[in-house]
Amino acid sequence: MGINIQSLYKSYINGDETTEVLKDVSFQVEDGQFLAIVGPSGSGKSTLMNIIGCLDRPTRGTYYLAGQDTGSLGDRRLAAIRNKHIGFVFQSFNLLPQYTALENVELAGLYSNIPPRTAREKAREALISLGLENRVKYMPNQLSGGQKQRVAIARAIVNSPSIILADEPTGSLDSKTGREVLDIFNGLNREGKTVIVVTHDPAIAQEANRIVNIKDGIVREA
Amino acid sequence: MRVQESFRSSIKSLFHNKLRSFLTMLGIIIGIFSVIMLTSIGEGIKNQVTSQVESLGANLLYIFPGKVELVPRRGQSKLGVRNGGFVESKNTLTYNDVLALKGKTGISAVSCIFPGVDWLDDLKIFTSTTGVDEDDAIVTKFNLKYGRFINKNERVRKERAAVIGDQANKELFKGKNSIGKTFKLNGKDYKVIGILQYVKPENLGPQGDDMNVKIYLPVTEMLDRAKQKNISQIMVKAASAQSVGTAEKTVRDIMLKRHRDIEFTVIKQQDMLTAINNILGILTAGLGGIAAISLLVGGIGIMNIMLVSVTERTREIGVRKAIGANRRDILIQFLIEAVFLSIIGGLLGLAAGISGARLLPSVFPMIHTAVSFTAVLIALLFALLVGVFFGVYPARLASKLDPIEALRSE
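Residues numbered from 1 in each chain as written. Chains lettered and ligands numbered in written order. Predicted model: local features only at pLDDT ≥ 70, side-chain atom pairs only at ≥ 80, totals over all residues.

In this section: the overall build of chain B. Helix and strand content of chain B: 14 helices and 10 strands. What you see for chain B is a C-alpha radius of gyration of 32 Å, clearly larger than the 22 Å of a compact globule of 410 residues, by over 25%. Expressed as lengths along the three principal axes of its C-alpha atoms, the size of chain B is roughly 105 × 55 × 35 Å. Looking at chain B residue by residue over its 410 residues, the buried ones come to 42%. Partitioning the intrachain contacts of chain B with sequence separation of at least 6 by distance along the chain shows that 82% fall at a separation of at least 24. (Helix = DSSP H or I, 4+ residues; strand = E, 2+ residues; numbered from the N terminus. Rg over C-alpha atoms; globule rule 2.2 N^0.38 Å. Buried ≥ 20, exposed ≤ 12 C-beta atoms within 10 Å, placed from the backbone. Contact = placed C-beta atoms within 7 Å.)

Between chain B and chain A, the contact holds 19 residues from the first and 21 residues from the second. Looking at the side of chain B that touches chain A, the elements with two or more residues in it are α1 (2-16), α11 (314-323), α12 (327-363) and α14 (403-408) of chain B. Looking at the side of chain B that touches chain A, the element that brings in the most residues is α1 of chain B, giving 6 residues. Counted by class, the side of chain B that touches chain A contains 7 nonpolar, 5 polar and 7 charged residues. (Nonpolar A, V, L, I, M, F, W, Y, C, P; charged D, E, K, R; others polar.)

All names here are of chain B. With 91% of its residues at a pLDDT of 70 or more, chain B shows a mean pLDDT of 86. Across chain B, strand β8 (residues 215-218) holds the top mean pLDDT of 94, while helix α3 (residues 84-88) sits lowest at 45. Model confidence for the complex is summarised by a pTM of 0.74, with the ipTM given as 0.93. (pLDDT = per-residue confidence, 0-100.)

All names here are of chain B. Both faces of β8 are covered, namely the face carrying I215 and L217 and the face carrying Y216 and P218. Sheet topology places strand β3 (residues 125-132) next to β8; 3 bridges connect them, and they run parallel. Considered in β8, the bridge of G131 is made with L217. As judged from the 2 bridges shared by strand β5 (residues 161-165) and β8, these two strands associate in the antiparallel manner. Of the residues in β8, the one forming a bridge with V163 is Y216. (Pairing = 2+ DSSP bridges.)

A separate point is unusual backbone geometry. A positive phi angle, close to 65°, is found at F93 of chain A, a residue other than glycine. On the secondary structure map, F93 of chain A appears in the loop between β6 (86-89) and α3 (101-110). For K158 of chain B, which is not glycine, the phi torsion reads 55° and is therefore positive. Mapped onto the secondary structure, K158 of chain B falls in the loop between α6 (152-156) and β5. Residue K158 of chain B is classed as partly exposed on the basis of its C-beta count, with 16 C-beta atoms lying within 10 Å.

Residues and elements named next belong to chain A. Read across the open sheet, the 4 strands follow the order β2-β1-β4-β5; overall the sheet is antiparallel. The open sheet has two free edges, formed respectively by β2 (17-29) and β5 (68-69), since each of these has just one partner strand. With respect to the sheet, helix α1 (residues 45-52) is in contact with β1 (3-14), β2 and β4 (60-65), its orientation differing from that of β2 by roughly 60°. (Axes fitted to C-alpha atoms, helices over the stretch in contact; angles between N-to-C directions.)

The next thing to look at is the environment of V388 of chain B. Residue and element names in this part refer to chain B. Within the secondary structure, V388 is located in helix α13 (residues 373-399). C-alpha separation for the pair V388 and E171, spaced 217 residues apart in sequence, amounts to 64 Å. Apart from residues lying up to four places away in sequence, V388 is in contact with L335 and V339.

Residue and element names in this part refer to chain A. Running from N to C, α3 and helix α5 (residues 145-157) cross one another at 25°; their axes reach a closest spacing of 7 Å. As the angle between them shows, α3 and α5 are arranged roughly parallel. Regarding α3 and α5, the two cross each other, and that crossing is right-handed. Mapping the contact onto sequence places A101, N104, V105, L107 and A108 in α3 and V151, A154 and R155 in α5. In terms of residue class, the contact of α3 with α5 is made up of 6 nonpolar, 1 polar and 1 charged. (Parallel < 35°, antiparallel > 145°, perpendicular 65-115°, else oblique. Left-handed = near helix turned anticlockwise from the far one by under 90°.)

Pasting the structure below:
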């Protein structure tokens, strides 16, 4: 699932004021890379990540995912791409509070139309692979921050996506659990998954084998 | 399976906010409850009236003085006489009409009613008496406790013989078997030949009154005493269900030879039932319609709560979209939730309505109820429609949320 972005622009219209968040962004990500997008808050890095994750569309320019122009795809196709090929990890975990850990992870499988029993099995395997075999039936509010993020990562990987997108994944964690989460990403990257981490923390960026700086909507290779 | 996830998510969120879900459902519960209650009361009245009319005997024709159009005929001039009885202000039906109809084609029995008021010496009150032909025993199904009904001999000879109701027997003879005993009407002795007994007080007679207080006398005796010729109505029993039409024709032919067209009206028992059922049907539908307004209010309650829910769960919608839900998934999820509210509310309302309809007669014995399957079906269908109708807008709103905005919301 190679990523190829060509002279991409993103602007928001707020009343009669137009804010250019991304300006003429062009870059490629090859399969299996561990990429860090680094920039201060408000630099447009989250917007870039949302476009890569097919949650948002560019105002201008093209985004090829695995050679396909995503601009021509409709809601259902984009949703299917998010479901099967992209795993999201957020700073605030974004677990559904009314669901157990298992049910949260299962959700991704259920949206991919696999049989419920298979979805449950895969969800359990994903949780076990992240060392959460004793937390399967826990509600999110019964879990620690590190555990929550591991559940969120389990949810991101349960459909075996080729791309993991993480937006400040350690931002809500202490340094020790943050370290653990980064180790998980390293492991996933070794398995051959493309990992893209958005962060403002240069220390985290050091984990990556490639760093891209973004400032005021302009992307520059480090 | 995505649909399964929609169901699970709906059930989870309904249980997550139990009180809120229940209060939202309450609108639908009350709506369905009132629809079921009111229609079952209407249906109960209909059944009661039908069974009463049928208890008077089957295959009957009624002849009334004057012209009455029970069911307006299509294409008829609106200027036609509607109530000749009042126009003529004269009743021309006589007991001779009864005699003329007896034994004719398709007719098995002919009776009549002559209502009277007589002084009951024993109790020192005026009492209602009813003059009938001996054929009344065939026309009306009497429940006789003791003795027999008036016979032809007594009618022809204008004898002072009486068939009395159970209540009359209690007050006159302390409830003992009084066959052969006498009581005084207008200072003259009348011999008891039969005693009627009805268990249910609501078993009303042909005039809509309690059969247990009746005093039946030979019509000839009463007419003779009152120096009158006219009777208030004639009842004709057809030989069978198939011969009702023949009997009706015979009655018309004979009556037209003896009277002018506007002096009498022939009504079939079935026509009467149809007319009554039409009126009661409209009444029931009207009552149900009024109750259905509360269902509408309940539906607005659902829409309101669903809109709140969409706002509260904006972030959840964003997460679901990031995980791979498309617009349709979100739409279905919220729609199912709204329909769940209305269907569960509808079922609870149905349970409450049916038990209410069952319990009501034990609290108010005068009220009869009957839950009709049609009403149940329509009520449930309506609940479903309310859920869909008022659920679509919030669900569309949810499905159209921009995932970025949704994820950003706190």
